[in-house]
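# A closer look at the structure
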Amino acid sequence: MWISRRKADALEKRIADLELQVQSQQEKLETFRNLWIERQKFLSKSSPKHHWN
């Protein structure tokens, strides 16, 4: 299949844009995951160890 130079350029730009979006999403996920892990650590340290009887 042959496509025009203009279409090929447009496709390359679209792919580059998508790659940037994916990278940005991965960074957001990484940040969220790290925050979640820190939160879990904090909660496990600060949770009350005594029972109300």
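Scroll up a little and you will see the structure.
First, a word on scope: everything that follows refers to the structure included in this document. Along every chain, residues carry numbers that run from 1 in the direction the sequence is written. Local features in this predicted model are restricted to residues whose pLDDT is 70 or higher, and side-chain atom pairs enter the listing and the counts only when it is 80 or higher, whereas totals over whole chains, interfaces and linings include all residues. With hydrogens and water stripped out, all remaining heavy atoms of the structure feed into the side-chain values.

With that out of the way, let us pick up the overall build of the protein. In DSSP terms, a helix is any run of H or I states spanning at least four residues, a strand is any run of E spanning at least two, and both are numbered starting from the N terminus. Scanning the protein from N- to C-terminus turns up one helix and zero strands. Sorting the 53 residues of the protein into buried and exposed places 2% on the buried side. Working note: accessible area of the protein is about 5700 Å², and carbon and sulfur atoms make up 62% of it. A 1.4 Å probe rolled over the protein chains alone gives each residue an accessible area, and that area as a share of the maximum for its type sets the label: buried under 20%, exposed over 50%, partly exposed in between. Values of accessible area rely on a 1.4 Å probe in the Shrake-Rupley scheme; residue burial ignores everything except the protein chains shown.

This paragraph deals with the packing of aromatic side chains. Centre distance and the angle of the planes are the two values used to describe a pair of aromatic rings. Classification of ring pairs rests on two measures: the distance between centres of Phe, Tyr or Trp rings, Trp counted by its six-membered ring, which must be within 6.5 Å, and the angle between planes, read as stacked under 30 degrees, edge-to-face over 60 and tilted in between. Per the counting criterion, the structure on display carries one aromatic pair. Aromatic side chains F32 and W36 sit 6.3 Å apart centroid to centroid with 25° between the ring planes, which places their arrangement in the stacked category. Taken as a pair, F32 and W36 lie in helix α1 (residues 5-46) at a separation of four residues, close to a single helical turn.

Here the focus is a nonpolar patch on the surface. Nonpolar side chains collect at one region of the surface, where M1, I3, L11 and I15 lie side by side and expose about 460 Å² of accessible area between them. Along the polypeptide, I15 turns up in helix α1. Here a patch means residues that are over 30% exposed by relative accessible area and free of salt bridges, tied together within 9 Å if like-charged and within 5 Å if nonpolar (Val, Leu, Ile, Met, Phe, Trp, Tyr). Criterion for a salt bridge: a side-chain nitrogen of Lys or Arg within 4 Å of a carboxyl oxygen of Asp or Glu.

What follows covers the pattern of salt bridges. Under the definition given, this model contains four salt bridges. Two residues, D9 and R5, come together in a salt bridge whose shortest N-O distance is 2.8 Å. Within this pair, D9 and its partner R5 are both found in helix α1, separated by four residues, close to a single helical turn. On the accessibility criterion, D9 (36% relative accessible area) is partly exposed. Of the charged contacts, one joins K41 and E38 as a salt bridge, the two residues approaching to 3.3 Å between their closest N and O atoms. Here the residue K41 and the residue E38 both occupy positions in helix α1, the gap between them amounting to three residues, near one helical turn. Residue classification places K41 among the partly exposed residues on the basis of a relative accessible area of 43%. Classification of E38 as partly exposed rests on a relative accessible area of 47%.

Shape descriptors only; they carry no functional weight alone.
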